[in-house]
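Overview (structure and organization)
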Amino acid sequence: MVNIIVEVSKYVMIILATMYTFLCFSIFGYQDPDRKRRLLMRQNILMFMLQLVAYLVMYLETEDVKLLVFYLMQVVLFAATILLYTNIYPNVSRLVINNMCMLLCIGMIMLTRLDYGIAIRQFIIASGAIALCLVIPVIIRKFKLLSEWKKIYALVGIASLAAVIVVGRVSNGAMLGFEIAGVSIQPSELVKIVFVFFVAASFKESLEFKNVVITTALAAFHVLILVASKDLGAALIIFVVYLVMLYVATRQPLYIIAGLGAGSVASVAAYYLFNHVRVRVQAWQDPFAAYDSGGYQIAQSLFAIATGSWFGTGLYQGAPKTIPVVETDLIFSAISEEMGLIFALCIILICVSCYVMFLNIAMQLHTLFYKLVALGLGTCYIFQVFLTIGGVTKFIPHTGVTLPLVSYGGSSLLSTVVMFAIIQGLYILREDEEREIERKKKERLRAKRSRQENKEGRGEAGDGQKRPQRGQPGRPQEAKAKARKEQRVR
């Protein structure tokens, strides 16, 4: 009986995920607020149904009551997140909230299946991050001096990355972070956000060639520090984010060409300078030939994806634990194995819908600083998704970055939740700008009507006081002529 339920459940979860993903894009086609609200509520129902089916299957497989308790805790967290955001900020983007909760939900399901202890830690981090980030939209909306802190952003970013080189610990050939009171911190995750604010503030200040050169030099310094600590995934993300922001701000194709040329040279140099880069490139070229010397991870990832095929093996029916660092770098492979490629494609499309929403907000903002912030954060998010999924599917060399909101990782999860909260603040700002523009239009229209009415009023009063022109008998002349005629008659 349990086997039948498990077999049926994987198709049910695929259908629920597909319906949710379809609503992510169909919402853009509706303008009616009530219609949109109903579709967004339908998304929430689909998410909670998917979560219920997954945890029911895991309970039947393990008969562990604590899984049901953990499920109820997650239901409370996601429901509270949706209700708090929508009640505190009525103008918030509900689609962004839904997608954030959906990706967290999928991550929690797979982490619970892989390691219950890690899932609990992820839940605690997510709860704290969401509670902390509830105030970020207020900060974005109320603090008007965020665009004036260019030097502070640059100092914080460089100092945080430099601290990793001084006191950081080596993990998988790279110096990624350090520990404080037993808590592992990876500064590069949060520096990505600070870096976006730095570039946006700098370009808002000036787009002259001198300022562009200075900003490029400081951005290159960020990248060089990450390269020195061998965190090449974060270095690549910051490099691409800067190129996109530079082009959008200046509209100069030469800058992009020069940047791509410099990036190509740097990639070749990294291949010859760093041994772990050569290992990853060789594993990417032929993971099975390099199975014992770096290709094992990618080979296992490809085995898992092939085993899952389109519909997956079902929860607890695969062997995702044979994949190295599956909870962090290669969780997409585990999802593909047990939930299927269709479910995995739905995750990709949900991430793309988030990016589309970020771009939509960026295009509609009128202030250059906020426009660049939205664009930079959106590029940072989607490029990290591309690096993760591209790496585990052997589309590009594996870079070791996590899948945002889905993979296990405190710093990554916190930075992504902060990123989504900033986007929510920018969405509210966009609504404020639209209302302000509408208000000014109405004021101009009222002023125009008032001037026209005053002009018409002055014209009527003047007509009554005009003297009759020569040759046109007015009323006084007619009276005098009539009096003279009467005198002659007498």
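All figures in this text were calculated on a predicted structure; none of them were measured in a lab.

Concerning the overall build of the protein
- Within the protein, the secondary structure is distributed over 18 helices and three strands.
- When each of the 490 residues of the protein is scored for burial, the buried share is 46%.
- For the protein, restricting intrachain contacts to residue pairs at least 6 apart in sequence, the fraction spanning at least 24 positions comes to 72%.
- Carbon and sulfur atoms form 63% of the exposed surface of the protein, whose accessible area is close to 24,300 Å².

Side note on helix α2 (residues 33-62)
- Here α2 is 30 residues long and its end C-alpha atoms lie 44 Å apart, about the 44 Å a rise of 1.5 Å per residue gives.
- The inward-facing, buried residues of α2 abut α1 (2-26), α3 (65-88), α4 (94-114) and α15 (341-364).
- Positive phi shows up at Glu63, right after α2, with a value of about 55 degrees.

A short note on the pattern of salt bridges
- By the definition in use, this model includes seven salt bridges.
- Measuring nitrogen to oxygen at the nearest pair gives 3.7 Å for the salt bridge that ties Lys66 to Asp64.
- On the basis of relative accessibility, which here comes to 39%, the residue Lys66 falls in the partly exposed class.
- The partly exposed category is assigned to Asp64, whose relative accessible area is 26%.

Regarding the packing of aromatic side chains
- Summed over all chains, the structure comprises 19 aromatic pairs.
- Ring centres of Tyr11 and Phe311 lie 5.4 Å apart, and the angle between their planes is 50 degrees; on these two criteria the pair is classed as tilted. With a gap of 300 residues between them, Tyr11 in helix α1 and Phe311 in the loop between α13 (291-308) and α14 (331-339) connect regions that are remote in the sequence.
- Judged by centre distance (5.7 Å) and plane angle (40 degrees), the rings of Tyr55 and Tyr71 are tilted. Of the two residues, Tyr55 sits in helix α2 while Tyr71 sits in helix α3, which places them 16 residues apart along the sequence. In this structure, Tyr55 and Tyr71 share a single accessibility class: buried.
- Linked through ring pairs, Tyr55, Phe70, Tyr71, Tyr116 and Phe123 together constitute an aromatic cluster.

Topic: the environment of Phe303
- The topology assignment puts Phe303 in helix α13.
- Here Phe303 falls in the partly exposed class, since its relative accessible area comes to 42%.
- It is 8.9 Å that separates the C-alpha atoms of Phe303 and Ser333, two residues lying 30 residues apart in sequence.

So, the confidence of the model for the protein
- Within the protein, residue pLDDT values average 84, and 89% of them lie at 70 or more.
- Here residues 466-474 scores under 50 on pLDDT; set against residues more than four positions off or in separate chains, the count is three contacts.

Structural notes on the nonpolar core
- The biggest cluster of nonpolar side chains holds 135 residues, and the ones touching the most others in it are Tyr85, Ile335, Phe343, Tyr381, Ile422 and Leu426.
- Ranked by residues supplied to this core, first place goes to α4 with 15 residues.
- When sequence neighbours within four positions are dropped, the list of residues in contact with Ile422 reads Ile136, Ile140, Ile193, Phe197, Val373 and Leu377.

Concerning unusual backbone geometry
- The residue Val325 is not glycine, and still its phi comes out positive at about 40 degrees.
- With respect to the element layout, Val325 can be found in the loop between α13 and α14.
- In this model, Leu405 sits at a positive phi of 75 degrees, which is unusual for a non-glycine residue.
- Owing to a relative accessible area of 2%, Leu405 belongs among the buried residues under this scheme.

Thoughts on the side chain of Ser412
- Tracing the sequence through the fold places Ser412 in helix α17 (residues 410-465).
- Looking at Ser412, the relative accessible area reads 7%, which means it is buried.
- In this view, Ser412 contacts Glu189, Gln384 and Thr402; residues no more than four positions away in its chain are not counted.

Looking at the state of the cysteines
- Applying the stated criterion across every chain, the model contains zero disulfides.
- Here Cys105 stays free of any disulfide, with the sulfur of Cys101 as its closest cysteine sulfur at 8.9 Å.
- With relative accessibility at 0%, the residue Cys105 sits in the buried group.

What about the environment of Lys151?
- Within the fold, Lys151 resides in helix α7 (residues 150-167).
- The sequence separation of Lys151 and Phe198 amounts to 47 residues, and the corresponding C-alpha distance is 7.6 Å.

Brief notes about a nonpolar patch on the surface
- Taken together, the side chains of Val135, Ile139, Phe143, Leu145, Trp149, Ile152 and Val156 present a nonpolar region at the surface, about 610 Å² in accessible area.
- In this fold, Trp149 is placed in the loop between α6 (136-142) and α7.
- Residue class for Trp149 comes out partly exposed when judged on its relative accessible area of 32%.

Some details on the side chain of Glu337
- Take Glu337: it is sitting in helix α14.
- One buried charge, Glu337, has no salt-bridge partner; the nearest side chain with opposite charge is Arg113, at 7.3 Å.
- Apart from residues no more than four positions distant in its own chain, Glu337 is found in contact with Ala304, Thr307, Gly308, Gly312, Thr313, Gly318, Ala319 and Pro320.

What counts, and where the lines are drawn
What you see as residue numbers is a count from 1 along each chain, following the sequence as written. For a predicted model such as this one, the threshold for reporting local features is a pLDDT of at least 70, and the threshold for listing and counting side-chain atom pairs is 80 or more; totals across whole chains, interfaces and linings nevertheless cover every residue. Think of the side-chain values as coming from all heavy atoms in the structure, minus any hydrogens and water. A helix here means a DSSP run of H or I that spans at least four residues, while a strand means a run of E at least two residues long, and both kinds are numbered starting from the N terminus. Residue exposure (1.4 Å probe, protein chains only): buried if accessible area is under 20% of the type maximum, exposed if over 50%, otherwise partly exposed. Residues are treated as being in contact if the distance between any of their heavy atoms lies within 4.5 Å. Calculation of accessible area relied on Shrake-Rupley with a 1.4 Å probe; when residues are assessed, cover is drawn exclusively from the protein chains displayed. Between the first and last residue of a helix there are one fewer steps than residues, each counted as 1.5 Å, and that sum is the expected span. Salt bridge, as used here, is a side-chain nitrogen of Lys or Arg placed within 4 Å of a carboxyl oxygen of Asp or Glu. Pairing of aromatic side chains requires ring centres within 6.5 Å, counting the rings of Phe and Tyr and the six-membered ring of Trp. Pairs whose planes differ by under 30 degrees are stacked, by over 60 edge-to-face, and all others tilted. A residue's pLDDT is the confidence the predictor assigns to it, expressed on a 0 to 100 scale. What makes a nonpolar core is a set of buried Ala, Val, Leu, Ile, Met, Phe, Trp, Tyr and Cys residues whose side-chain atoms join them at distances within 4.5 Å. Two cysteine sulfur atoms form a disulfide, by the criterion used here, when they sit within 2.5 Å. Patches draw on residues past 30% relative accessible area with no salt bridge. Two like charges within 9 Å are joined, as are two nonpolar side chains (Val, Leu, Ile, Met, Phe, Trp, Tyr) within 5 Å. When charges are tallied, Lys and Arg are placed among the positive residues and Asp and Glu among the negative ones, while His and the ends of the chain are skipped.

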